Amino acid sequence: MKILVAISNVPDTTTKISFTNNDTEFNKSGVQFVINPYDEWYALVRALELKESGKASLVTLMHVGLADSEATIRKGLALGADDAVRVNAESADAYFVAEQISSYALANGYELILVGKETINYNGSSVGAMVGGLMDLPLISLATKLDVNDNNVYAEQDADGGIQVVECSLPVVVSCAKGMAEQRIPNMRGIMAARTKPIKVVEPGPSEKLTSIKSFALSPGRTACHYVDSNNLDELVHLLHTQAKVI
Amino acid sequence: MSVLVYTEISKGKIKKSSLEAVNYGAKIAGMIGSDVVAIAFNADDSHLSEIGKAGAKKILSVKENAFKNLDAVALSSAIEQAQKAENAQVILFSFDATGKSVAPRIAARLKAGLVAGATDYPVINGNSFEVKKNVFSGKATAIYSIHSAIKVISLLPNSFPVQFSDNTAIVSDFSVNLDNAKSRLIVKEIKQLSSGETVSLPEAELVVSAGRGLKGPENWGIIEDLAKSLGATTACSRPVADMHWRPHHEHVGQTGVAIRPNLYIAVGISGAIQHLAGVNGSKTIVVINNDKEAPFFKSADYGVVGDAFEIVPKLTSAIEKFKAGTN
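All values derive from a computational prediction rather than experimental measurement. In this convention, every chain numbers its residues from 1, walking through the sequence in written order. Written order determines the labels here, with chains lettered from A and ligands numbered from 1. Given that the model is predicted, a residue must reach a pLDDT of at least 70 before its local features are reported, and side-chain atom pairs must reach 80 or more before they are shown or counted; all residues, however, enter totals for whole chains, interfaces and linings. Only hydrogens and water are set aside; all other atoms, that is, all heavy atoms of the structure, feed into the side-chain values.

Our next topic: the packing of helix α1 (residues 37-52) of chain A against helix α2 (residues 70-79) of chain A. All names here are of chain A. Axes, fitted as lines to C-alpha atoms, cover a helix only where it is in contact. Angles between the N-to-C directions of the axes lie from 0 to 180 degrees. Helix numbering and strand numbering both begin at the N terminus, where a helix is a DSSP run of H or I of at least 4 residues and a strand a DSSP run of E of at least 2. In contact at an axis separation of 10 Å, α1 and α2 are set at 40° when each is read in the N-to-C sense. Put simply, α1 runs oblique to α2. Handedness of the crossing formed by α1 with α2: right-handed. Taking contact as the criterion, the partners of Glu40, Leu44 and Leu48 in α1 are, on α2, Lys75, Gly76 and Leu79. Note on residue categories: nonpolar means Ala, Val, Leu, Ile, Met, Phe, Trp, Tyr, Cys or Pro, charged means Asp, Glu, Lys or Arg, and polar means any other residue, Gly included. Class assignment of the residues belonging to the contact of α1 with α2 gives a composition of three nonpolar, one polar and two charged. We call two directions roughly parallel when the angle between them is under 35 degrees, roughly antiparallel when it is over 145, roughly perpendicular when it lies between 65 and 115, and oblique otherwise. Take the far helix as your reference; a near helix turned counterclockwise from it by less than a right angle gives a left-handed crossing, and one turned clockwise gives a right-handed crossing. Working rule for contacts: check all heavy atoms of both residues, and any pair within 4.5 Å makes them a contact.

Another aspect to go through is the packing of aromatic side chains. Two rings belonging to Phe, Tyr or Trp (six-membered ring only in the last case) form a pair when the distance between their centres is within 6.5 Å. Interplanar angles under 30 degrees mark stacking, angles over 60 mark edge-to-face geometry, and anything in between is tilted. Counted according to the given criterion, the structure contains 18 aromatic pairs over all chains. Relative to Tyr42 of chain A, the ring of Trp41 of chain A has its centre 6.1 Å away and its plane inclined at 90°; by these criteria the two rings are edge-to-face. With a centroid separation of 6.1 Å and 70° between ring planes, the pair formed by Trp220 of chain B and Trp245 of chain B is classed as edge-to-face. Separated by 25 residues along the polypeptide, Trp220 of chain B in the loop between β14 (206-210) and α5 (221-230) and Trp245 of chain B in the loop between α6 (238-242) and β16 (263-267) bring together distant segments of the chain. Each residue gets one of three labels from its accessible area relative to the maximum for its type: buried under 20%, exposed over 50%, partly exposed in between, using a 1.4 Å probe on protein chains only. What makes Trp220 of chain B buried here is its relative accessible area of 2%. Note on Trp245 of chain B: relative accessible area 18%, which makes it buried. Taken together, the ring pairs in this structure connect Phe19, Phe26, Phe33, Tyr122 and Phe216 of chain A together with Phe136 of chain B into an aromatic cluster.

A few words now on the sheet that holds strand β6 (residues 58-64) of chain A. Paired strands are those between which DSSP finds at least two bridges. In space, the 10 strands of this open sheet follow the order β13(A)-β7(A)-β6(A)-β1(A)-β8(A)-β12(A)-β9(A)-β10(A)-β11(A)-β13(B), with mixed pairing throughout. Each edge of the open sheet carries a strand with a single partner, namely β13 (199-202) of chain A together with β13 (186-192) of chain B. Taking each pair of neighbouring strands and ignoring which way they run, the sheet shows an average axis angle of 25°. Pairing of strand β9 (residues 139-149) of chain A with strand β12 (residues 172-176) of chain A involves three bridges; the strand directions are parallel. By the bridge assignment for β12 of chain A, Ile140 of chain A is matched with Val174 of chain A. Sheet contacts for helix α3 (residues 94-107) of chain A: β1 (2-6), β6, β7 (83-87), β8 (112-116) and β13 of chain A; angle to β6 of chain A, the most-contacted strand, approximately 145°.

So, on to the nonpolar core. Nonpolar side chains in soluble globular proteins generally cluster together in the buried interior. To define a nonpolar core, start from buried Ala, Val, Leu, Ile, Met, Phe, Trp, Tyr and Cys residues and group those joined through side-chain atoms within 4.5 Å. In this structure, Ile113 of chain A together with Leu4, Ile39, Phe67, Ile79, Ile91 and Phe93 of chain B are the most contacted members of the largest nonpolar core, which totals 60 residues. Once residues lying within four places of it in the same chain are set aside, the contact partners of Phe67 of chain B are Phe41, Asn42, Val62, Ala74, Leu75, Ala78, Val176 and Leu178 of chain B.

Following this line, the structure appears as structure tokens:
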């Protein structure tokens, strides 16, 4: 069974965000990019565990992005993925990325497609479900546990205020959330091995532009914190009622 | 032409976020001169009447056991059929667990542009809709243009007010053909974690949350009392969930649940950026911490510096006193 893990190249969580070109583009200069945490810590690490326990034969990384994301792909290879494919295009929107993943997965016989539950830059939680729709496969969304036995996938997923235990035959798409695996740090051997692992570069298939970003704006920060004396909590309650109007 | 809204029943009630979506749909319908049609699965008369009061002109009522577990493949198929039957130009969801698994699926199948997690009403610009949403985990917002003929939007819960009228919707039974929507996904078990009495975190308007500053799970009584005094839902920080002081489903933050209540009270939480990423959409933030240098104060509207074990019970009494006075 071959696993395709889709990874996104995102600014590190602690990045100070800014925009350029009249607020129409994210300002990449000086920004540290990383593998999207959900893709790395949960989807990729769990895929590697499945391979280590003999339940998967191959773990391939899939990335839609330009050549400048190669360092991010190498990190995934250093963690232990066997090989990688990069679709040589800017990831226009979730639909574009989902189309590229679907057509590659279909053409190359991947039975388990793992994605993180969302990216930390666009927060859409959309690619996994779109891949499911395009490939006509079920999606196990927001999975916190995942196992494979023979031809069946067993998973737990977050439902509002509860956990749903599900079973599904392969092939299937899974969006991965916290709990599925523990973060790993690549070791020196992995980093050396990653240098010679293959990254296949393919050109994107035709796609329609369904959405685009017109402009960005920084979220307004909060005005300075209003401190209330710990002996005067009636005042806090009063402020919450009359000023914030939340109680 | 119409605006189609997916509505959902959870724990016997229509979700508030579904009513927000119906209301939002009515607003769009007004802008483009069409009607709001809601689709409801296994809804009873009281659910249907509530959807009507939130503004639906018509409700497609589907009664079918196959939708019991809200299977994404079956729901997508049903909503696609409803889209065709009603010639819907806009399809609306809430950006919750179902909205995240069904809206993108339908969008991809219909080649319809999707905005996931909208925080404002669309601006109509020719054939495009311009819709605002949060990006970079709440650090920024972006205006998305949807260019496709059919547009799919899912709404961030708690972002829109719900206004009710005395409107009554026309209810029509809608039968769905599920021949091509047999999902291989089987639900074996549902473990309900939160008690039925409190509102789930993504829907909660008031949240009381605590972190490592509480020193141990045995001290959560004061947090629960404070939450009870407000009618709030309890939450916790990541270390607290990782140490198993509190169940994982209470963890709010980047890797846990992202919330945007009207009021978020954080007790003994330092305010790491990963925690803020999950809560910075809250309308009002109150931080209680004994460390006056705690970074969370920089993102707070109101702060109290001092010992949580003294302040929290006093705040609970102050709220009880306030509630007694207003009733």
